[in-house]
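# Commentary on secondary and tertiary structure
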Amino acid sequence: QVQLVESGGGLVQAGDSLRLSCAASGLTVSSYNMGWFRQAPGKEREFVAAINWSGGSTFYRDSVKGRFTISRDNAKNTVYLQMNSLKPEDTAVYYCASAKVLTTGPHSYESWGQGTQVTVSS
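Residues numbered from 1 in each chain as written. Predicted model: local features only at pLDDT ≥ 70, side-chain atom pairs only at ≥ 80, totals over all residues. Heavy atoms only, no water.

As a further point, take the overall build of the protein. For the protein, the helix and strand inventory stands at zero helices and eleven strands. When its helices and strands are written in sequence order, the protein yields β-β-β-β-β-β-β-β-β-β-β. In terms of C-alpha radius of gyration, the protein reaches 13 Å, essentially the compact-globule figure of 14 Å for 122 residues. Across its three principal directions, the C-alpha atoms of the protein cover 40 × 30 × 25 Å. For the protein, with 122 residues in total, the buried portion stands at 40%. Sequence separation of at least 24 residues holds for 57% of the intrachain contacts in the protein that already meet a minimum separation of 6. Here the protein displays about 6200 Å² of accessible surface, and carbon together with sulfur accounts for 46% of that area. (Helix = DSSP H or I, 4+ residues; strand = E, 2+ residues; numbered from the N terminus. Rg over C-alpha atoms; globule rule 2.2 N^0.38 Å. Buried < 20%, exposed > 50% of the residue type's maximum accessible area, 1.4 Å probe, protein only. Contact = heavy atoms within 4.5 Å. Areas by Shrake-Rupley, 256 points an atom, 1.4 Å probe, with all protein chains shown as cover.)

Listed below in structure tokens is the structure:
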């Protein structure tokens, strides 16, 4: 019954910004820890950012600290990932996911969206 739908991806040039959205149904975002992951061609899916159920704690992988911001809008049941100063190495399919516990491991997350493509050209 859970459905997570990502949107907002696209093709941009290095230094540009994108805002990804994850709209949830079948679950209340405010009751779950939420995370963003990404997977580039030929690479493993990797952790990008996470936000706890209350929104009071956020976590980021080192390579995106200071550039990406995860947030949530409980009224819209939506989680966002604001990505600034994008680099070519950020190119990947980005996925949102929900978890009962807050971790950086993909296998700790139970529900996943279909993903949205982000391509950054130089």
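Counted by the stated rule, this structure contains five aromatic pairs. Measuring from ring centre to ring centre gives 6.5 Å for Tyr 95 and Trp 112, while their planes differ by 80°; the resulting arrangement is edge-to-face. Placement of Tyr 95 in strand E9 (residues 92–99) and of Trp 112 in strand E10 (residues 111–112) is noted, with a sequence separation of 17 residues between them. Here a set of aromatic residues connected by ring pairs shows up, and it is made of Phe 37, Phe 47, Tyr 95, Tyr 109 and Trp 112. When the ring centre of Tyr 95 is taken as origin, the NZ or CZ atom of Arg 45, which lies over that ring, is 3.9 Å away. Residue placement shows Arg 45 over the ring face of Trp 112; its charged tip is 4.8 Å from the ring centre. (Phe/Tyr/Trp six-rings, centres within 6.5 Å; stacked < 30°, edge-to-face > 60°. Lys NZ or Arg CZ within 6 Å of the ring centre and 35° of its normal.)

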